[in-house]
Amino acid sequence: MSIQNNHSVLIVEDELLIAEHISRILRSAGFSNIHVAINADEAIAVIKDQKPNIVLTDIMLGSSKTGIDLGGLLQSEYKIPFIYITSHSDPEMLSKAKHTHPNAYLVKPFKKEDLLVAIELALFSAETITKPKESQSLFIKDGHAIAQIPHDDILYLEAEGNYTLLHANTGKRRLIRIAITDIHEQLPLEDFLRVHRSFVVNKKHITEYKSSMIHLKNIQLPVGRTYKDLLNDQFK
(Lines give C-alpha, C1' and ligand atoms only; values in the text may rest on other atoms or scores of the structure.)
Protein backbone atom coordinates (compact mmCIF):
# COMPACT_ATOMS: atom_id res chain seq x y z
CA MET A 1 0.00 0.00 0.00
CA SER A 2 1.18 3.53 -0.72
CA ILE A 3 0.07 6.68 1.05
CA GLN A 4 -2.95 8.23 -0.62
CA ASN A 5 -2.94 12.00 -0.99
CA ASN A 6 -6.65 12.25 -0.22
CA HIS A 7 -6.00 11.50 3.46
CA SER A 8 -6.49 14.47 5.77
CA VAL A 9 -3.75 15.09 8.35
CA LEU A 10 -3.87 17.27 11.46
CA ILE A 11 -0.56 18.48 12.94
CA VAL A 12 -0.78 19.66 16.55
CA GLU A 13 2.39 21.59 17.34
CA ASP A 14 2.93 24.88 19.19
CA GLU A 15 6.29 25.52 17.49
CA LEU A 16 5.28 26.78 14.06
CA LEU A 17 8.68 26.15 12.46
CA ILE A 18 8.42 22.47 13.36
CA ALA A 19 4.82 22.33 12.16
CA GLU A 20 5.89 23.81 8.83
CA HIS A 21 8.78 21.32 8.57
CA ILE A 22 6.37 18.41 9.05
CA SER A 23 3.95 19.98 6.55
CA ARG A 24 6.72 20.15 3.92
CA ILE A 25 7.52 16.46 4.45
CA LEU A 26 3.85 15.57 4.02
CA ARG A 27 3.39 17.73 0.93
CA SER A 28 6.49 16.15 -0.65
CA ALA A 29 4.88 12.73 -0.03
CA GLY A 30 1.67 13.73 -1.79
CA PHE A 31 -0.52 14.96 1.05
CA SER A 32 -2.51 18.06 0.18
CA ASN A 33 -5.15 18.16 2.92
CA ILE A 34 -3.08 19.32 5.90
CA HIS A 35 -4.30 21.23 8.97
CA VAL A 36 -2.30 22.75 11.83
CA ALA A 37 -3.39 23.47 15.42
CA ILE A 38 -1.21 24.96 18.16
CA ASN A 39 -2.98 23.48 21.19
CA ALA A 40 -5.40 20.72 22.19
CA ASP A 41 -8.52 22.92 22.22
CA GLU A 42 -7.82 24.19 18.72
CA ALA A 43 -7.11 20.62 17.62
CA ILE A 44 -10.48 19.41 18.94
CA ALA A 45 -12.23 22.16 16.99
CA VAL A 46 -10.43 21.09 13.79
CA ILE A 47 -11.25 17.43 14.46
CA LYS A 48 -14.95 18.18 14.82
CA ASP A 49 -14.99 20.34 11.70
CA GLN A 50 -12.58 18.56 9.36
CA LYS A 51 -12.59 14.95 10.66
CA PRO A 52 -8.93 14.21 9.80
CA ASN A 53 -7.82 10.65 9.01
CA ILE A 54 -4.77 10.90 11.27
CA VAL A 55 -3.33 13.26 13.90
CA LEU A 56 0.34 14.00 14.57
CA THR A 57 0.69 15.64 17.97
CA ASP A 58 3.51 16.92 20.12
CA ILE A 59 3.24 15.89 23.76
CA MET A 60 4.20 19.24 25.31
CA LEU A 61 1.90 21.88 23.85
CA GLY A 62 2.54 24.77 26.21
CA SER A 63 -1.07 24.81 27.42
CA SER A 64 -3.15 23.29 30.21
CA LYS A 65 -4.01 20.29 28.01
CA THR A 66 -1.09 18.17 26.84
CA GLY A 67 -0.76 16.03 23.76
CA ILE A 68 -1.38 13.05 26.03
CA ASP A 69 -4.75 14.55 27.04
CA LEU A 70 -5.54 14.92 23.35
CA GLY A 71 -4.33 11.38 22.63
CA GLY A 72 -6.70 10.01 25.24
CA LEU A 73 -9.63 11.70 23.49
CA LEU A 74 -8.47 10.51 20.07
CA GLN A 75 -8.32 6.93 21.33
CA SER A 76 -11.50 6.81 23.41
CA GLU A 77 -13.89 9.31 21.82
CA TYR A 78 -12.92 10.18 18.25
CA LYS A 79 -11.36 6.81 17.25
CA ILE A 80 -8.75 8.52 15.06
CA PRO A 81 -5.25 7.05 14.67
CA PHE A 82 -2.53 9.30 16.06
CA ILE A 83 1.22 9.55 16.43
CA TYR A 84 3.15 11.28 19.19
CA ILE A 85 6.03 13.45 17.99
CA THR A 86 8.11 14.82 20.84
CA SER A 87 11.56 15.76 22.05
CA HIS A 88 10.86 14.00 25.36
CA SER A 89 11.82 10.33 25.70
CA ASP A 90 12.03 9.85 29.47
CA PRO A 91 10.44 6.64 30.85
CA GLU A 92 7.77 8.43 32.92
CA MET A 93 6.52 10.39 29.92
CA LEU A 94 6.57 7.27 27.75
CA SER A 95 4.61 5.35 30.37
CA LYS A 96 1.85 7.97 30.41
CA ALA A 97 1.82 8.19 26.62
CA LYS A 98 1.58 4.45 25.95
CA HIS A 99 -1.59 4.11 28.02
CA THR A 100 -3.41 6.19 25.39
CA HIS A 101 -2.43 3.55 22.77
CA PRO A 102 -0.80 5.74 20.09
CA ASN A 103 -0.05 4.19 16.72
CA ALA A 104 3.57 5.31 16.99
CA TYR A 105 5.92 7.44 19.09
CA LEU A 106 8.62 9.43 17.27
CA VAL A 107 11.37 11.33 19.07
CA LYS A 108 12.73 14.54 17.54
CA PRO A 109 14.78 14.83 15.47
CA PHE A 110 13.27 12.08 13.34
CA LYS A 111 13.96 10.97 9.81
CA LYS A 112 11.53 11.75 7.02
CA GLU A 113 11.31 8.05 6.17
CA ASP A 114 10.44 7.09 9.77
CA LEU A 115 7.60 9.63 9.86
CA LEU A 116 6.13 8.49 6.54
CA VAL A 117 6.37 4.80 7.46
CA ALA A 118 4.66 5.47 10.81
CA ILE A 119 1.85 7.34 9.06
CA GLU A 120 1.43 4.66 6.43
CA LEU A 121 1.20 1.87 9.00
CA ALA A 122 -1.23 3.86 11.18
CA LEU A 123 -3.53 4.60 8.25
CA PHE A 124 -3.37 1.03 6.97
CA SER A 125 -4.15 -0.37 10.42
CA ALA A 126 -7.09 2.01 10.86
CA GLU A 127 -8.54 1.07 7.48
CA THR A 128 -8.36 -2.68 8.15
CA ILE A 129 -9.31 -2.82 11.83
CA THR A 130 -13.01 -3.34 11.09
CA LYS A 131 -12.34 -6.32 8.81
CA PRO A 132 -12.58 -9.50 10.95
CA LYS A 133 -10.03 -11.62 9.09
CA GLU A 134 -7.45 -8.91 8.63
CA SER A 135 -7.81 -7.73 12.23
CA GLN A 136 -6.28 -11.08 13.27
CA SER A 137 -3.00 -10.14 11.63
CA LEU A 138 -0.06 -7.87 12.32
CA PHE A 139 0.76 -5.42 9.52
CA ILE A 140 4.36 -4.23 9.18
CA LYS A 141 6.41 -2.28 6.68
CA ASP A 142 8.52 -4.59 4.53
CA GLY A 143 10.61 -2.61 2.05
CA HIS A 144 8.12 -0.73 -0.14
CA ALA A 145 5.19 -2.97 0.76
CA ILE A 146 3.06 -3.92 3.76
CA ALA A 147 3.49 -7.46 5.10
CA GLN A 148 0.55 -9.22 6.75
CA ILE A 149 1.51 -11.72 9.48
CA PRO A 150 -1.31 -13.76 11.06
CA HIS A 151 -1.21 -13.63 14.85
CA ASP A 152 -1.18 -17.42 15.09
CA ASP A 153 2.04 -17.52 13.03
CA ILE A 154 3.91 -15.45 15.63
CA LEU A 155 5.78 -17.58 18.16
CA TYR A 156 7.48 -14.76 20.07
CA LEU A 157 9.06 -11.32 19.69
CA GLU A 158 12.61 -10.49 20.73
CA ALA A 159 13.92 -6.97 21.35
CA GLU A 160 16.93 -5.92 19.28
CA GLY A 161 17.56 -2.35 20.49
CA ASN A 162 15.05 -0.14 18.64
CA TYR A 163 14.23 -3.08 16.37
CA THR A 164 12.29 -6.30 16.96
CA LEU A 165 13.09 -9.82 15.82
CA LEU A 166 9.86 -11.68 15.04
CA HIS A 167 10.16 -15.45 15.45
CA ALA A 168 7.52 -17.38 13.49
CA ASN A 169 6.32 -20.81 14.53
CA THR A 170 7.75 -22.12 11.25
CA GLY A 171 11.25 -21.29 12.47
CA LYS A 172 11.62 -18.26 10.19
CA ARG A 173 12.72 -14.90 11.59
CA ARG A 174 12.00 -11.34 10.45
CA LEU A 175 13.72 -8.15 11.64
CA ILE A 176 11.24 -5.28 12.04
CA ARG A 177 12.18 -1.60 12.33
CA ILE A 178 9.80 -1.03 15.25
CA ALA A 179 10.49 -1.29 19.00
CA ILE A 180 9.05 -4.32 20.75
CA THR A 181 6.81 -2.20 23.01
CA ASP A 182 5.18 -0.54 19.98
CA ILE A 183 4.54 -3.90 18.30
CA HIS A 184 3.16 -5.40 21.52
CA GLU A 185 0.59 -2.56 21.68
CA GLN A 186 -0.66 -3.56 18.21
CA LEU A 187 -1.31 -7.14 19.32
CA PRO A 188 -4.21 -8.49 21.44
CA LEU A 189 -2.96 -8.32 25.03
CA GLU A 190 -5.00 -11.37 26.01
CA ASP A 191 -2.94 -13.50 23.58
CA PHE A 192 0.53 -11.91 23.71
CA LEU A 193 2.29 -11.70 27.07
CA ARG A 194 5.36 -9.69 28.03
CA VAL A 195 7.51 -12.15 29.99
CA HIS A 196 10.79 -10.21 29.96
CA ARG A 197 11.98 -6.77 28.91
CA SER A 198 13.32 -8.49 25.79
CA PHE A 199 10.54 -10.99 25.04
CA VAL A 200 6.83 -11.04 24.19
CA VAL A 201 5.34 -14.51 23.68
CA ASN A 202 2.21 -15.86 22.02
CA LYS A 203 0.23 -17.44 24.85
CA LYS A 204 -1.23 -20.05 22.47
CA HIS A 205 2.22 -21.56 21.90
CA ILE A 206 3.29 -21.88 25.55
CA THR A 207 3.90 -25.52 26.44
CA GLU A 208 5.29 -25.12 29.96
CA TYR A 209 5.86 -22.39 32.55
CA LYS A 210 8.14 -22.56 35.56
CA SER A 211 9.11 -19.81 37.97
CA SER A 212 12.00 -18.46 35.91
CA MET A 213 11.56 -20.04 32.46
CA ILE A 214 8.82 -20.30 29.88
CA HIS A 215 8.76 -22.96 27.14
CA LEU A 216 7.49 -22.50 23.60
CA LYS A 217 7.74 -25.88 21.92
CA ASN A 218 11.48 -26.66 22.25
CA ILE A 219 12.48 -23.05 23.01
CA GLN A 220 13.19 -21.77 26.52
CA LEU A 221 12.96 -18.07 27.37
CA PRO A 222 13.75 -16.36 30.69
CA VAL A 223 10.99 -14.76 32.75
CA GLY A 224 11.80 -11.31 34.12
CA ARG A 225 11.28 -10.69 37.82
CA THR A 226 8.79 -7.86 37.22
CA TYR A 227 6.62 -10.08 34.99
CA LYS A 228 6.28 -13.10 37.28
CA ASP A 229 3.14 -11.92 39.07
CA LEU A 230 1.36 -11.34 35.76
CA LEU A 231 2.32 -14.80 34.53
CA ASN A 232 1.31 -16.42 37.81
CA ASP A 233 -2.13 -14.84 37.42
CA GLN A 234 -2.38 -16.18 33.87
CA PHE A 235 -1.55 -19.74 34.88
CA LYS A 236 -3.43 -20.16 38.14
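Structure: see above.
Right, let's walk through the structure included here. Please read all numbers here as calculations on a predicted model, not as lab measurements.

### Things to note about the sheet that holds strand β14 (residues 213-216)
No. 1: Strand order in the open sheet made by the three strands is β13-β14-β15, with antiparallel pairing throughout. Looking at which strands have only one partner, the edges of the open sheet turn out to be β13 (206-209) and β15 (219-222). Within this sheet the neighbouring strands show an average axis-to-axis angle of 25°, counted without direction.

### Some details on the sheet that holds strand β4 (residues 82-86)
Pairing between the strands of a sheet is mediated by backbone hydrogen bonds and can be parallel or antiparallel.
No. 1: What the five strands build is an open sheet, ordered β2-β1-β3-β4-β5; its pairing is parallel. Of all strands in the sheet, those with a lone pairing partner are β2 (33-37) and β5 (104-107), marking the two edges. Strand-to-strand twist in this sheet, taken as the mean axis angle between neighbours without regard to direction, amounts to 20°.
No. 2: Here strand β1 (residues 8-12) runs beside strand β3 (residues 54-57); their pairing, made up of four bridges, is parallel. In the strand pairing of β3, L10 is matched with V55.

### Some thoughts on helix α1 (residues 16-28)
No. 1: In a regular helix each residue adds 1.5 Å, so 13 residues correspond to 18 Å; α1 covers 18 Å between its end C-alpha atoms and thus fits that length.
No. 2: Among all positions in α1, only A19, I22, S23, I25 and L26 are buried. Taken end-on, α1 shows its buried residues confined to a sector of 160°, consistent with a single buried face.
No. 3: Just beyond α1, the residue with positive phi is G30, at close to 110°.

### Things to note about a nonpolar patch on the surface
No. 1: Side chains of L16, V36 and I38 sit close together on the surface and give an oily, nonpolar patch of about 250 Å² of accessible area.
No. 2: One can find I38 in the loop between β2 and α2 (40-50).

### Observations concerning the packing of aromatic side chains
No. 1: Evaluated as defined, the whole model comprises three aromatic pairs.
No. 2: Between the aromatic rings of F82 and Y84, the centroid separation amounts to 5.3 Å while the plane-to-plane angle is 75°, which identifies the pairing as edge-to-face. Take F82 and Y84: they sit in the same class, and that class is buried.
No. 3: With 6.3 Å between their ring centres and 75° between their planes, Y84 and Y105 make a pair best called edge-to-face. Linking Y84 in strand β4 with Y105 in strand β5, this pair joins segments that are 21 residues apart in sequence.
No. 4: Grouping aromatic residues by their ring pairs yields a cluster made of F82, Y84 and Y105.

### Quick word on unusual backbone geometry
No. 1: Residues K108 and P109 are joined by a peptide bond in cis, for which omega reads -10°.
No. 2: Assignment of secondary structure puts P109 in the loop between β5 and α5 (112-128).
No. 3: Look at K51: it is not a glycine, yet its phi comes out positive at around 50°.
No. 4: Here K51 is to be found in the loop between α2 and β3.
No. 5: Residue K79 is not a glycine yet carries a positive backbone phi of 55°.
No. 6: Among the structural elements, K79 can be located in the loop between α3 (67-78) and β4.
No. 7: In this structure K79 comes out as exposed when scored by relative accessible area, which is 60%.

Cut-offs applied
Residues numbered from 1 in each chain as written. Predicted model: local features only at pLDDT ≥ 70, side-chain atom pairs only at ≥ 80, totals over all residues. Heavy atoms only, no water. Pairing = 2+ DSSP bridges. Helix = DSSP H or I, 4+ residues; strand = E, 2+ residues; numbered from the N terminus. Axes fitted to C-alpha atoms, helices over the stretch in contact; angles between N-to-C directions. Expected span 1.5 Å × (residues − 1). Buried < 20%, exposed > 50% of the residue type's maximum accessible area, 1.4 Å probe, protein only. Arc of directions from axis to C-beta. Patch = residues over 30% accessible without salt bridge, like charges linked within 9 Å, V, L, I, M, F, W, Y side chains within 5 Å. Areas by Shrake-Rupley, 256 points an atom, 1.4 Å probe, with all protein chains shown as cover. Salt bridge = Lys/Arg side-chain N within 4 Å of Asp/Glu carboxyl O. Phe/Tyr/Trp six-rings, centres within 6.5 Å; stacked < 30°, edge-to-face > 60°.

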